[in-house]
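# Breakdown of the fold
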Amino acid sequence: MAKMVQVDYEAGSSRLWNGEGAFGTTMIYGAKGDDSFPAQCDYEIELMLESRPKQVRAYRESRIKSGQRPARLASDQLHDELFVVVGPEMTPLSVAETLEHLAARIRREGLCIGKDTDGDYVTETLDGEWKR
């Protein structure tokens, strides 16, 4: 069962993070470590729903920290891979610059890893510290 989530409509200028979804066919890059590959594929992103909230890193890690085991991820789900979905109007330069800005933000602020078992959003810093 999918759960509705609240969206911060003041978060930015993109229609995506203002609560709208997106779907279509575009290029993606799959990456793990120093290995990556491009592929053309269909995508569907729905920002207003979270159908499997127990799969996010924050929830899984908070269960481990409390001595419980997280649910097993299926083999056809993301584990330690990264997918970058590239909008068809992005140029190689805009993709590279956007990824550099994102990497700098993650290095500076940490990575938002989802909601923990208490329902709080968690950001994990590069040194492993959690900020709520």
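Heads up: these notes are all about the structure in this document. Quick caveat, the model's predicted, so the values are computed rather than measured. (Residues numbered from 1 in each chain as written. Predicted model: local features only at pLDDT ≥ 70, side-chain atom pairs only at ≥ 80, totals over all residues. Heavy atoms only, no water.)

### A few points about the packing of aromatic side chains
What counts, and what does not: For Phe, Tyr and Trp, where Trp contributes only its six-membered ring, two rings pair if their centres lie within 6.5 Å, and the inter-plane angle classes them as stacked under 30 degrees, edge-to-face over 60, or tilted in between. For the purposes of this entry, the term helix denotes a DSSP run of H or I that reaches at least four residues, the term strand denotes a run of E that reaches at least two, and both are numbered from the N terminus. A simple rule labels every residue: compare its accessible area, found with a 1.4 Å probe on the protein chains alone, to the largest value its type can have, and call it buried under 20%, exposed over 50%, or partly exposed in between. Note on criteria: charge over ring means Lys NZ or Arg CZ within 6 Å of the ring centre, with the direction from the centre no more than 35 degrees off the ring normal.
In this structure the tally under the stated criterion is one aromatic pair. Here Phe-37 and Phe-83 contribute two aromatic rings whose centre-to-centre distance is 6.3 Å and whose plane-to-plane angle is 85°, an arrangement assigned as edge-to-face. Placement of Phe-37 in strand E3 (residues 35-45) and of Phe-83 in strand E5 (residues 82-86) is noted, with a sequence separation of 46 residues between them. Judged by its relative accessible area of 41%, Phe-37 is partly exposed. A residue is classified by how much of its surface remains accessible, and Phe-83, at 40% relative accessible area, is partly exposed. A cation sits over an aromatic face here: Lys-65 above Trp-130, 3.6 Å from the ring centre.

### With respect to helix H1 (residues 57-65)
How we decide: Residue contacts are counted whenever heavy atoms from the two residues lie within 4.5 Å of one another.
If you check which residues of H1 are buried, you get Ala-58, Tyr-59, Arg-60 and Ser-62. Summarising the contacts, the buried residues of H1 are in contact with strand E6 (111-115), strand E7 (121-124) and strand E8 (130-131). Note on H1: the residue one or two positions beyond its end, Gly-67, has a positive phi of about 85°.

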